[in-house]
Amino acid sequence: RKVPKLSELAWDPLERAESLISATKADITHKAGDRAYYNSRLDHIVMPEKAQFGSPDRYYATILHELGHWTGHTSRLDRKLGNGFGKEEYAREELRAEIASMIIGQELRIGHDPGQHAAYVDSWVSILEKTPFEIHAASADAERIFNFLIAFEQKREMSVTAAAEQGTTGKRPSAKDDGALAMGDEIPYNDTVYRV
């Protein structure tokens, strides 16, 4: 079996998105319907079937948005997740997930369709009118979401590199090279090193 090079892993944007989603090991269920959501109580994402989306990039943009919410769980980035459409807390969390989805979509080259989340615009405007600096807080949280999710990709790339090196050197990788993040892991990205 040929081990792909890092450049091959990043070539196909949709494959890269799929690999990132898989690396998170998030609990995701697909079912017929028109709702995509994250249930923080069950730590579970529900998505419509892939075939229900008009294009693959819309599917991936939506699931990356839901993974943005998933990062807010107490075992991850521990944000206060709002429950209930129309509530201010809910709108704040949606703003964070939407900005993060836009940044991740750009990074993965799958794009972003802001029209999919038009229902939230009025609540965002209301929040920003009340608290103009909320956009800065939301952007900072969105960057944390982005870094948290991209770290899974970095960890996976490090595992592939270790596997490739094992194939050429005969050395066996350590137990922590299974693709999962562990406390103390360091992930280099854009001239910054992130520590788990």
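Our structure is the block above this text.
Below is a short write-up of the structure.

Conventions and cut-offs
- Residues numbered from 1 in each chain as written.
- Predicted model: local features only at pLDDT ≥ 70, side-chain atom pairs only at ≥ 80, totals over all residues.
- Heavy atoms only, no water.
- Helix = DSSP H or I, 4+ residues; strand = E, 2+ residues; numbered from the N terminus.
- Buried < 20%, exposed > 50% of the residue type's maximum accessible area, 1.4 Å probe, protein only.
- Polar contact = N/O pair within 3.5 Å; in protein donor to acceptor, adjacent residues only side chain to side chain.
- Contact = heavy atoms within 4.5 Å.
- Pairing = 2+ DSSP bridges.
- Axes fitted to C-alpha atoms, helices over the stretch in contact; angles between N-to-C directions.
- Parallel < 35°, antiparallel > 145°, perpendicular 65-115°, else oblique.
- Nonpolar A, V, L, I, M, F, W, Y, C, P; charged D, E, K, R; others polar.
- Phe/Tyr/Trp six-rings, centres within 6.5 Å; stacked < 30°, edge-to-face > 60°.

## Looking at the side chain of Arg96
(1) Moving on: In this fold, Arg96 is placed in helix H4 (residues 88-108).
(2) Moving on: Given the relative accessible area of 8%, Arg96 is considered buried.
(3) Moving on: Looking at Arg96, its side chain comes within polar contact range of the side chain of Glu134, at 2.6 Å.
(4) Moving on: Those residues in contact with Arg96 that lie beyond four places of it in its chain are Arg79, Glu134, Ala137, Ala138, Asp141, Ala142 and Ile145.

## As for the pairing of strand E3 (residues 44-47)
(1) Moving on: Residues His44 and Val46 of E3 are buried on one face, and the alternating residues Ile45 and Met47, pointing to the opposite face, are buried as well.
(2) Moving on: Where strand E1 (residues 28-30) and E3 come together, three bridges link them in parallel fashion. Its bridge partner being in E3, Ile28 is matched across the sheet by Ile45.
(3) Moving on: As judged from the three bridges shared by strand E2 (residues 37-39) and E3, these two strands associate in the antiparallel manner. Along E3, the bridge assignment pairs Tyr38 with Ile45.
(4) Moving on: Counted along the chain from E2 to the antiparallel partner E3, the turn is four residues long, and its residue Asp43 has a positive phi close to 50°.

## What to know about the packing of H4 against helix H5 (residues 121-130)
The angle between the axes and the distance between the axes are what describe a pair of packed helices.
(1) Moving on: Packing of H4 against H5 leaves a shortest axis separation of 9 Å and a crossing angle of 100°. As the angle between them shows, H4 and H5 are arranged roughly perpendicular. Residues Glu88, Ala91, Arg92, Glu94, Leu95 and Glu98 of H4 lie in contact with H5, whose contacting residues are Ser123, Trp124, Ile127 and Lys130.
(2) Moving on: Among the residues making up the contact of H4 with H5, the classes are represented as four nonpolar, one polar and five charged.

## Structural notes on the packing of aromatic side chains
(1) Moving on: Per the counting criterion, the structure on display carries five aromatic pairs.
(2) Moving on: Residues Phe53 and Tyr59 carry aromatic rings whose centres are separated by 5.4 Å and whose planes lie at 80° to one another, so their mutual orientation is edge-to-face. Across this residue pair, the class does not change: Phe53 and Tyr59 are buried.
(3) Moving on: Aromatic rings pair up to connect Phe53, Tyr59 and Tyr60 into one cluster.

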